[in-house]
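Chains, contacts and geometry: an overview
The lines below spell out each chain.
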Amino acid sequence: MKKNIFVFCTFLLSIFAMVSCDNATSVSEGYVQGLYTVDRNFLRPEMVDTFYKVDNMADFDLKNGDRVYLTLAYEVDNYYGASMAKYYIKSVEGKIPVSGLTAAGDVDEALYSSAILGFREKPKYGGIWFWNKYQNLNVVYYGNGTEGDFKLSPVGLSGDTLCFALNAKIEDGDEYMEQLLSFDVASVVESLPAEDATRLSQLDSISTKITLRWYDERNDTVKVMSPAAGKYKNPF
C-alpha cells in the first residue's frame, strides 16, 4: 500500500513538473522600438495600420495624442498565439512635439527665412513622410545649439498632392543639428476651396509636397526646393 501511494505521489509530481516546464517555455518575449501615437490606453505605431493595448501607460505620464519614441515589449503565449499577446511599455526614449498649421499670412518671412541642409533618414520611416494626418520631417541644419522654430503653412491641393510651405527661424551657428518635426495637418481641409475639399475626400491615396529654403553648401547659396513624400493612404 505504501509503495502504491509513493508511486502515485511520484506520478503526480512528474505531471506537475511537466506542466510547470511547459508553462515556463510556452511564452515568447521580445520588444520593438519605434514611433507611436497614444490613443487612450492604446498605442498606434507609425506607418502600420494597427494598434496595441497596453496596461502601464500611466507609469510613463503619457497622454492622449502624445507622439513618442518608445520600446514596446510583448509576451506571446505560443499556444494561444499573437491574438492573446500582452504588451507593455519597457521605456520611453523621447516625446515628439506636435505643431499645428500656420496660415501663410501669419508667418513673418523676414524672421522665418532660414534654410536647412536637408533631411536625415530615420530607420523605418525615411527623412520625410506623411501618416494619419501627421506630416513629419526629420530636418538637419546648422545652428547654435538651440532648436529651430518651424512653421508649416497650407498652400493648396494640386491633383492628388497636398502642398505646404515650411518656414524656419534658426539661430546662426556652425553646430550640425537634427530635429524631427511633426505637424498635425487635419485642419488643412478648412483652408481648401469647397471643390478641392470634396475632391480630396474622394481620393484613395495622396502625396504631400513641401516647399522650403535649402542651403546648397557646395555653392554656398540658398535655393528653393519642393521635396515630395510618397503615396499614402488618404486619412481625410
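Anything mentioned here points back to the structure above.
This text gives an overview of the structure that appears in the document. (Residues numbered from 1 in each chain as written. Predicted model: local features only at pLDDT ≥ 70, side-chain atom pairs only at ≥ 80, totals over all residues. Heavy atoms only, no water.)

1. Considering the nonpolar core
For the record, the criterion: We call a set of buried Ala, Val, Leu, Ile, Met, Phe, Trp, Tyr and Cys residues a nonpolar core when their side-chain atoms join them within 4.5 Å. The buried label applies to any residue whose accessible area, calculated with a 1.4 Å probe on protein chains only, is under 20% of its type's maximum; exposed applies above 50%, and partly exposed to all values in between. Segments assigned H or I by DSSP are reported as helices when at least four residues long, segments assigned E as strands when at least two residues long, and all are numbered from the N terminus. The contact rule is simple, with two residues in contact once any of their heavy atoms fall within 4.5 Å.
Ranked by size, the top nonpolar core spans 34 residues in total, and within it F150, L162, L166, F183 and I210 carry the most contacts. Where this core is concerned, the elements lending two or more residues are β8 (128–131), β9 (134–143), β10 (149–158), β11 (161–169), β12 (175–184), α3 (194–201) and β13 (205–216). If we skip the residues at most four places from it in the chain, F183 touches S99, G100, K133, Y134, Q135, L137, F150, K151, L152 and L166. In this structure, Y36, V54, M57 and L72 belong to the second largest nonpolar core, which totals 10 residues.

2. Quick notes on the sheet that holds strand β1 (residues 27–39)
So the rule is basically this: Only strands joined by at least two bridges in the DSSP assignment are considered to pair.
Pairing is antiparallel in the open sheet, where 5 strands are placed in the order β3-β2-β1-β4-β5. Two strands close off the open sheet at either side, each with one partner strand: β3 (52–53) and β5 (86–96).

3. So, unusual backbone geometry
Positive phi, normally seen in glycine, also occurs at K124, with a value near 80 degrees. The residue K124 is located in the loop between β7 (118–119) and β8 in this model. Positioned with a positive phi, D220 is a non-glycine residue whose angle comes to about 50 degrees. The residue D220 is located in the loop between β13 and β14 (221–225) in this model. By relative accessible area, D220 is classed as exposed at 55%.

4. A closer look at the environment of K233
Which entries qualify depends on this criterion: The term polar contact refers here to a pair of N or O atoms within 3.5 Å; inside protein, the definition further demands a hydrogen-donor-capable atom paired with an acceptor-capable atom, and it admits residues adjacent in sequence only when both atoms are side-chain atoms.
Residue placement: K233 occurs in strand β15 (residues 232–233). Relative accessible area serves as the criterion here: at 56%, K233 is assigned to the exposed category. With 184 residues separating them along the chain, K233 and D49 place their C-alpha atoms 10.0 Å apart. The contact partners of K233, leaving out residues within four places of it in the chain, are D49, D204 and S205. In terms of polar contacts, K233 uses its side chain to reach the side chain of D49, at 3.4 Å.

5. Here we look at the pattern of salt bridges
We count it as follows: Put simply, a salt bridge is a Lys or Arg side-chain nitrogen that is within 4 Å of an Asp or Glu carboxyl oxygen.
Tallied over the entire structure, the rule returns 12 salt bridges. Of the charged contacts in the structure, one is a salt bridge between D39 and R44, with a shortest N-O distance of 2.8 Å. The class of R44 is partly exposed, set by a relative accessible area of 29%. K233 is paired through a salt bridge with D49; the nearest N and O atoms lie 3.4 Å apart. With K233 in strand β15 and D49 in the loop between β2 (42–45) and β3, the pair connects residues that are 184 residues apart, well separated along the chain.

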